[in-house]
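The chain contents come next:
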Amino acid sequence: VLQIVIRYMKRLILLIALFSLGSIQAQELPDYITEASSKFTLKVEGLKEPKGEVRIAIFNSEDSYTKEPIYAIVLTVDNNLIEWEVPDLPFGEYAIAVYHDKNKNGKLDTNLLGIPKENYGFSNNARGRFGPASWHDAKFEIQEKSTTHRIEIK
């Protein structure tokens, strides 16, 4: 049991490090427009309290997943549903991680065992065992001119 908890904590530390990167204020989206791009909308559902911030990180490869997002943004929560739009997201594979930073402290709060106290989620509503969802479970493909993806945080 202790080994499982230690393994969980190591994976969770990676996730927390990811969201520390997200504590940088919203990054600017690229100015370029490609022919093979999508108007991408992310809907974050499951927010129980309309307070704090939602932190979103988008990754475009397995190598960068949970390490270096291509987009990281912090949005104020004033409703139980958050919608965020990227006007020109190039076609390709992506994975998204998101969490509800209720107290606006810039990190995913955890208990003594490293288990998150704030709600979080991944694309495809994937859930990891003892840490973040795997790239394989969270990845999705964008190949349409308009794409909407939903994540329910828990």
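Right, let's walk through the structure included here. This one's a predicted model, so the numbers in the text were calculated from it and none came from an experiment.

## So, the overall build of the chain
Inference 1: Each helix and strand in the chain was counted, giving 2 helices and 8 strands.
Inference 2: Across the chain, helices and strands are ordered from the amino to the carboxyl terminus as α-β-β-β-β-β-β-α-β-β.
Inference 3: When each of the 154 residues of the chain is scored for burial, the buried share is 44%.
Inference 4: Across the chain, every contact between residues at least 6 apart in sequence was considered, and the portion connecting residues at least 24 apart equals 76%.
Inference 5: Within the structure as shown, the chain displays about 8500 Å² of accessible surface, and the carbon and sulfur contribution to it stands at 50%.

## Concerning the sheet that holds strand 1 (residues 37–45)
Inference 1: Spatial strand order, 4-1-8: 3 strands in an open sheet with mixed pairing. Unpaired on one side and paired on the other, strand 4 (82–90) and strand 8 (146–152) mark the two borders of the sheet. Neighbour to neighbour, the strand axes of the sheet diverge by 20° on average, direction disregarded.
Inference 2: Pairing of strand 1 with strand 8 involves 7 bridges; the strand directions are parallel. By the bridge assignment for strand 8, E45 is matched with E152.

## Remarks on the packing of aromatic side chains
Inference 1: One pass over the structure, following the stated rule, counts 5 aromatic pairs.
Inference 2: Ring centres 6.0 Å apart and planes at 20° place the aromatic pair F40 and F140 in the stacked group. On the criterion of sequence distance, the pair formed by F40 in strand 1 and F140 in strand 7 (residues 140–142) is long-range, its members being 100 residues apart. Taken individually, F40 and F140 each receive the classification buried, so the pair is uniform in this respect.
Inference 3: A ring pair is formed by Y65 and W135, whose centres lie 5.7 Å apart and whose planes are at 65°; its orientation type is edge-to-face. With a gap of 70 residues between them, Y65 in the loop between strand 2 (53–59) and strand 3 (71–76) and W135 in helix 2 (residues 135–138) connect regions that are remote in the sequence.
Inference 4: A relative accessible area of 8% means that W135 is categorised as buried.
Inference 5: Aromatic rings pair up to connect F40, Y94 and F140 into one cluster.

Reading guide: rules and limits
- Residues numbered from 1 in each chain as written.
- Predicted model: local features only at pLDDT ≥ 70, side-chain atom pairs only at ≥ 80, totals over all residues.
- Heavy atoms only, no water.
- Helix = DSSP H or I, 4+ residues; strand = E, 2+ residues; numbered from the N terminus.
- Buried < 20%, exposed > 50% of the residue type's maximum accessible area, 1.4 Å probe, protein only.
- Contact = heavy atoms within 4.5 Å.
- Areas by Shrake-Rupley, 256 points an atom, 1.4 Å probe, with all protein chains shown as cover.
- Pairing = 2+ DSSP bridges.
- Axes fitted to C-alpha atoms, helices over the stretch in contact; angles between N-to-C directions.
- Phe/Tyr/Trp six-rings, centres within 6.5 Å; stacked < 30°, edge-to-face > 60°.

Remember, this is a structural readout, not a statement about activity or role.
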